[in-house]
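# A structural walkthrough
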Amino acid sequence: MADPYEVLGVGREATQEEIRKAYRRLAKTTHPDLHPGDKGAEARFKDIAAAYDILGDEKKRARFDSGEIDASGAERQPPGREFYRQHAEAGPGFKYERRWQASGPDSGDDLFAQMFGRRGASVRARGSDLAYTMSVGFTEAANGAKKRVTMADGKTLDLTIPAGLQDGQTLRLRGQGEPGFEGGEPGDALVEVHVEPHPLFRRDGNNIRSILPVTPGEALAGAKVRVATVSGPVELAVPKGSNTGRILRLRGKGVPSPQGKGDHLVELQVVLPEHADEELVRSLTAWEAKHPYDPRKRQGAQA
Amino acid sequence: MTGHMIAEKELIEAVGNLEADALRRWIDLGWVLPHADGDQARFDASDVARVRLICELHYELRVEEDSLPVVLSLLDQLYAARCRLRALLSAVEAQPEDVRASIAARVKAQG
């Protein structure tokens, strides 16, 4: 048993008032019921209370000073004293807990309500979401498609790819994630979908762009040409005198969207024959000599 | 809470340094919630511990009666929060190792 004067941190000549003050100060910082998380508080408080039990009582203090009783003199705290915190932490439904809770659905436990839904006491919880990735073809994404996918657990799911799906878009399959707890809803499956590139087509918002090679003759004289679109081949009239870079619009042949269907924009590219023979070269040079033109004049002076 | 219950007289003897008037006032104020047995109040072990705590707060630590409701309310909220936290911790303990590890990492990251 420690010396009670040391426990309270006062000198042997301290007045009763000084002893009382020292005890009060220490008790406030160690009372176990005020420090429920501090395991050592109970032992420290008991020492402080025992020291005060002797020194706080002038008669007992005199007997201790004269050596009649030792520091363990009389323990004021019953040895098996139960502190309030043992009861208060006994578990849910403690009657003094309810005193400060609940009148109305939003009172009390906002933190736990956030986690478990309205009622903090319930362990009901939604299952986790599961994330997947998959890829679809360019035209499947443009037109929409049904895909069957196999999940991690071997379960197969029928997935509807909506027409006009964007690369990297995430589809949510409600209820296909992890099962919920205690009757909570299951989570969702989140499928991130990547759109494979296409050799001819490129997405530009809801429009599709492609390049259409034409011969110089088709470009000069005009022609009807078959063009591939995401909804199948169509006939395109190339107007007479169309140059490389001219863009022709196939209205409504793009990707559907809430704002209506996009267009397919065809960019013409005049392509020379792979083997230009003498005849072509000669006739063209002769023609250019008679009708000179500068295709670079718009670019100004070339470096 | 069930278990052994005592009458007002026994409670005052057990706690010491307590007057019946003060105890009755605390009951009227709702700080102590004894069980009613006819017109007799009966106190269980948690009531005894609570009365002892109120006595110590008031007579020894000199918390004024006007301030006591604030202190008691904060204590009750603290204990309620600790109970909930304990329930949450035992739920976390029941999770698989990787889930516990990711919760721990997240808690740590939040400081």
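A short tour of the structure in this document, coming up. Given the structure is predicted, the values throughout are model-derived calculations rather than measurements.

Cut-offs used in this document
- Residues numbered from 1 in each chain as written.
- Chains lettered and ligands numbered in written order.
- Predicted model: local features only at pLDDT ≥ 70, side-chain atom pairs only at ≥ 80, totals over all residues.
- Helix = DSSP H or I, 4+ residues; strand = E, 2+ residues; numbered from the N terminus.
- Buried ≥ 20, exposed ≤ 12 C-beta atoms within 10 Å, placed from the backbone.
- Contact = placed C-beta atoms within 7 Å.
- Pairing = 2+ DSSP bridges.
- Axes fitted to C-alpha atoms, helices over the stretch in contact; angles between N-to-C directions.

### Section: the overall build of chain B
When helices and strands are counted, chain B shows five helices and three strands. Helices and strands in chain B line up, N terminus first, as β-α-α-β-β-α-α-α. With 111 residues in all, chain B has 20% of them scored as buried. Contacts in chain B between residues far apart in sequence, at least 24 positions, make up 52% of those at least 6 positions apart.

### What to know about the overall build of chain A
Assigned secondary structure in chain A consists of 10 helices and 11 strands. If you take every contact in chain A between residues at least 6 apart in sequence, the share linking residues at least 24 apart comes to 51%.

### Quick notes on the sheet that holds strand β4 (residues 169–173) of chain A
Residues and elements named next belong to chain A. Spatial strand order, β1-β5-β4: three strands in an open sheet with mixed pairing. A single partner strand is all that each edge strand has here, and the edge strands are β1 (130–136) and β4. Neighbour-to-neighbour, the strand axes of this sheet turn through a mean angle of 30 degrees, independent of strand direction. Across seven bridges, the pairing between β1 and strand β5 (residues 189–195) is parallel. Within β5, the position partnered with alanine 131 by the bridge is leucine 190.

### A look at the environment of A:Leu165
With respect to the element layout, A:Leu165 can be found in the loop between β3 (156–161) and β4. Not counting the four nearest positions on each side in its chain, A:Leu165 is found in contact with A:Ala141, A:Val193 and A:Val195.

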